[in-house]
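Residues per chain, in single letters:
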Amino acid sequence: MTDGTFVSPYPVEDPQSLAELERAQGDLARAVGRLVDATVRTRQERPVLDEVTARVDTLVERLLEQAQEGPLGIETSSDGRLRDHANPMLGMRNPIAPPLVMTDDEGGVTCTFSLGAAYEGPPGCVHGGFVAAVLDQVLGTAAARRGVPGLTAYLNTTYRRPTLLGTDLVCRGRIDRVDGWKIFASGEIVDPQGEVTAEAEALFIVPRWAREHLGTPTGDAGDFAPPAGETGVSPTP
Ligand SMILES: CCCCCCCCCCCC(=O)SCCNC(=O)CCNC(=O)[C@H](O)C(C)(C)COP(=O)(O)OP(=O)(O)OC[C@H]1O[C@@H](n2cnc3c(N)ncnc32)[C@H](O)[C@@H]1OP(=O)(O)O
């Protein structure tokens, strides 16, 4: 969804304990992210691969001793803001999240990022699906920063040149136009030479179920006046 753009309507009982848990969850995700990268790149032989596989299987069982049945949805973080920790682009708990870290700028957001071997499409290049996913997330975050958390209705991506793995890339997203619950956004990914590798135009729409639950946007910070009788945002449709 967003990287903490929205204030949660639910109070946090023990923010300090939750912050410590979040730190541990983030550490695990980073460690597993290194495991994913190492799994892709290792040239170890069969005995070592068999040994590591057995150890990973044991660790998986340990984690699943206490695990949620289904997906995480949207949760309240220790800082009292809503986050989707499983988001594959920026989720703190997701090992494959690059992660994308957004900075506000005039009219939108900017994100610097770099993708490694696990994201390879054409040799040495970022897979086109991940290029689109980065644009989707950055443009979607720009829309959310406007105070309106929309779902992608369309994302028209143009691939201008290869987006290289292992390079420092910048993705910018901005709002071009807002029409009621529809937010039109555009953005691009730029390589270290300043060349645009891919660009996109997107429409984000606040879905009907969210319009009812969110109530009325009260400002650009993503604060909402809930409708009468509502206590907050439903985590799932
Ligand atoms: C707490 C929040 C969490 C929010 C959580 C945010 C998570 C963001 C995650 C990153 C982004 C994603 O990956 S999002 C995941 C990928 N996207 C999705 O799964 C979306 C799937 N599609 C949908 O759910 C739906 O089609 C919506 C929400 C896009 C629209 O449905 P709706 O809510 O019923 O809206 P509806 O009344 O039909 O349409 C509203 C207006 O938009 C127009 N419209 C509808 N679709 C289109 C379209 N494709 N192209 C042009 N225009 C369109 C209609 O003509 C209408 O215009 P008018 O008559 O008013 O003029």
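As a reminder, the structure under discussion sits directly above these lines.
Basis of the calculations
Residues numbered from 1 in each chain as written. Predicted model: local features only at pLDDT ≥ 70, side-chain atom pairs only at ≥ 80, totals over all residues. Heavy atoms only, no water. Near = heavy atom within 4 Å. Polar contact = N/O pair within 3.5 Å; in protein donor to acceptor, adjacent residues only side chain to side chain. Areas by Shrake-Rupley, 256 points an atom, 1.4 Å probe, with all protein chains shown as cover. Helix = DSSP H or I, 4+ residues; strand = E, 2+ residues; numbered from the N terminus. Nonpolar A, V, L, I, M, F, W, Y, C, P; charged D, E, K, R; others polar. Salt bridge = Lys/Arg side-chain N within 4 Å of Asp/Glu carboxyl O. Buried < 20%, exposed > 50% of the residue type's maximum accessible area, 1.4 Å probe, protein only. Expected span 1.5 Å × (residues − 1). Disulfide = S-S within 2.5 Å.

**Regarding the site of the ligand**
Among the 15 residues in the neighbourhood of the ligand, the closest are listed as Asp136, Thr152, Lys182, Ile205 and Arg208. Here an oxygen atom of the ligand and a side-chain polar atom of aspartate 136 are 3.1 Å apart. With respect to the ligand, the side chain of arginine 211 contributes an N or O atom lying 3.3 Å from an oxygen atom. Coverage of the ligand by the protein amounts to 55% of the 1300 Å² it exposes when considered alone. At the level of elements, strand E6 (151-159), strand E9 (196-205) and helix H4 (208-214) are the ones that each hand at least two residues to the shell around the ligand. Considering each element in turn, the shell around the ligand owes the most residues, four residues, to E6. Of the residues belonging to the shell around the ligand, the class tally is nine nonpolar, two polar and four charged.

**Brief notes about the pattern of salt bridges**
All chains considered together, the criterion is met by eleven salt bridges. The closest approach of N and O atoms between arginine 41 and aspartate 37, which form a salt bridge, is 2.8 Å. Residue arginine 41 and its partner aspartate 37 are both found in helix H1 (residues 15-41); the two are separated by four residues, about one turn of the helix. Note on arginine 41: relative accessible area 52%, which makes it exposed. Taking relative accessible area as the criterion, aspartate 37 reaches 24% and is therefore assigned partly exposed.

**Here's the deal with helix H3 (residues 128-145)**
Helix length check: H3 (18 residues) gives 26 Å between terminal C-alpha atoms against 26 Å at 1.5 Å per residue, within 8%. Counting buried residues along H3, 13 of its 18 residues qualify, which places the element largely inside the surrounding structure. Following H3 by one or two positions, glycine 147 adopts a phi angle in the positive range, close to 100°.

**Observations regarding the state of the cysteines**
Within the structure shown, the criterion is met by zero disulfides. Not engaged in a disulfide, the cysteine cysteine 125 finds its nearest cysteine sulfur in cysteine 171; these two sulfurs lie 17 Å apart. This cysteine, cysteine 171, is not joined by any disulfide, and cysteine 111 carries the nearest cysteine sulfur, 6.1 Å off.

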